[in-house]
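Close look at the chain arrangement
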Amino acid sequence: MRELTLEEVQTILTEGVTLARSKGFPSTVAVVDMGGNLRGVLRPEKGRIANPDIAIKKAWTAAALHRSTAQVRELMIAPDRFGHGLQFTDERFCIVAGGFPIKDAAGDIIGGVGTSGGPVELDIECSLIGLRKLGFPTDFADPLAATAKPGKAAKAVKSAKVGATAKAVKSTVPARAGAKRKKK
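None of these values were measured; they are calculated from a predicted model.

1. Some details on the overall build of the chain
Along the backbone of the chain there are seven helices and four strands. Seen in sequence order, the chain has helices and strands lined up from the N terminus as α-β-β-α-α-β-β-α-α-α-α. Each of the 184 residues in the chain was classed as buried or not, and the buried ones make up 47%. Considering only contacts in the chain between residues 6 or more positions apart, those separated by 24 or more positions represent 64%.

2. A word on the pairing of strand β3 (residues 99-103)
Counting buried positions along β3 gives five out of five residues, so the element sits mostly inside the fold. Along β3, one buried face is formed by G99, P101 and K103 and the opposite face, lined by F100 and I102, is buried too. The hairpin formed by β3 and strand β4 (residues 109-116) contains five residues between the paired strands, and G107 there has a positive phi angle of roughly 90 degrees.

3. Structural notes on helix α4 (residues 120-134)
With 15 residues, α4 extends 22 Å from end C-alpha to end C-alpha; this agrees with the ideal 21 Å at 1.5 Å per step. The sharpest bend along α4 comes to roughly 25 degrees, located at L128. Within α4 the residues assigned to the buried category are L122, D123, I124, E125, C126, S127, L128, I129, G130 and L131. After α4 finishes, the residue G135 shows a positive phi value of roughly 85 degrees.

4. Notes on unusual backbone geometry
Although it is not a glycine, K46 adopts a positive phi angle of roughly 70 degrees. If you trace the backbone, K46 turns up in the loop between β2 (38-42) and α2 (51-65). Of note, the phi angle at H66 is positive, near 60 degrees, even though the residue is not glycine. Taking the relative accessible area as the measure of exposure, H66 reaches 43% and is therefore partly exposed.

5. Looking at the nonpolar core
Membership of the largest hydrophobic core comes to 17 residues, with the highest contact counts inside it found for L4, V31, I102, V113 and L131. Where this core is concerned, the elements lending two or more residues are α1 (6-22), β1 (28-33), β3, β4 and α4. Broken down by element, this core gets its largest block of residues, four residues, from α1. Apart from the residues within four sequence positions on either side, L131 is in contact with I12, P101, I102, V113, F136, T138 and F140. Membership of the second largest hydrophobic core comes to six residues, among which are L19, L122, C126 and I129.

6. Some remarks on the sheet that holds β4
The pairing of strands in a sheet comes from backbone hydrogen bonds and takes either a parallel or an antiparallel form. Judged by pairing direction, the sheet is antiparallel, and its four strands sit side by side in the order β2-β1-β4-β3 without closing on themselves. Of all the strands in the sheet, just β2 and β3 have a single pairing partner and so form its edges. Pairwise comparison of adjacent strand axes, ignoring direction, gives a mean angle of 15 degrees for this sheet. Where β1 and β4 come together, six bridges link them in antiparallel fashion. Within β4, the position partnered with T28 by the bridge is S116. Sitting on the sheet, α4 is in contact with β3 and β4, with an inclination near 140 degrees to β4.

7. Some points on α2
When the terminal C-alpha atoms of α2 are compared, their 21 Å separation across 15 residues agrees well with the 21 Å that a helix rising 1.5 Å per residue should span. For α2, every residue scored as buried is listed here: N51, P52, A55, K58, A59, W60, T61, A62 and A63.

8. Structural notes on the pattern of salt bridges
Considering all chains together, one arrives at six salt bridges under this definition. Here E8 ties to R2 by a salt bridge, and the two come within 2.7 Å at their closest N and O atoms. Overall, the relative accessible area of 13% leaves E8 in the buried class. Judged by its relative accessible area of 32%, R2 is partly exposed.

What counts as what
Residues numbered from 1 in each chain as written. Predicted model: local features only at pLDDT ≥ 70, side-chain atom pairs only at ≥ 80, totals over all residues. Heavy atoms only, no water. Helix = DSSP H or I, 4+ residues; strand = E, 2+ residues; numbered from the N terminus. Buried < 20%, exposed > 50% of the residue type's maximum accessible area, 1.4 Å probe, protein only. Contact = heavy atoms within 4.5 Å. Pairing = 2+ DSSP bridges. Expected span 1.5 Å × (residues − 1). Bend = angle between axes of the 7 residues up to and from the residue. Core = buried A, V, L, I, M, F, W, Y, C linked by side-chain atoms within 4.5 Å. Axes fitted to C-alpha atoms, helices over the stretch in contact; angles between N-to-C directions. Salt bridge = Lys/Arg side-chain N within 4 Å of Asp/Glu carboxyl O.

Below, the structure written as structure tokens:
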């Protein structure tokens, strides 16, 4: 297992912040190593002071549990899932989408990335853009999907295809200045 290089950390941070700024959001991006230790955080001017802590928690959660924070949310909120309530066991957990594990070519977790400050779809894309640029895997299928109950496995894998969904975000995330957000 290898360690993230300083250049990789810098690329992940700057690519994410640059994308957020291009959409009109001063989002913060954070990167942690495989042990959850902070490697870097970048908060642009006018970014909220809460964003660094949230971004770090998203990155930590993804690295610690080897899943995107959207997948972690599914595990912790649904009463019938094995992780129900775990978010109350450690203050570092964050169950808001926008955090991803960083995997090397062999599939080993070598860190995590998290973004906070924009709409959730933009946070997702800002976390993934640097990973894509560096050639890191961005397919985050649930590692336990094969052992899930029949019917749920297919749903879990389908909802975990965050990489494909996030690619479509570019056209759906409005710029902040003068644009209206889509209602859900």
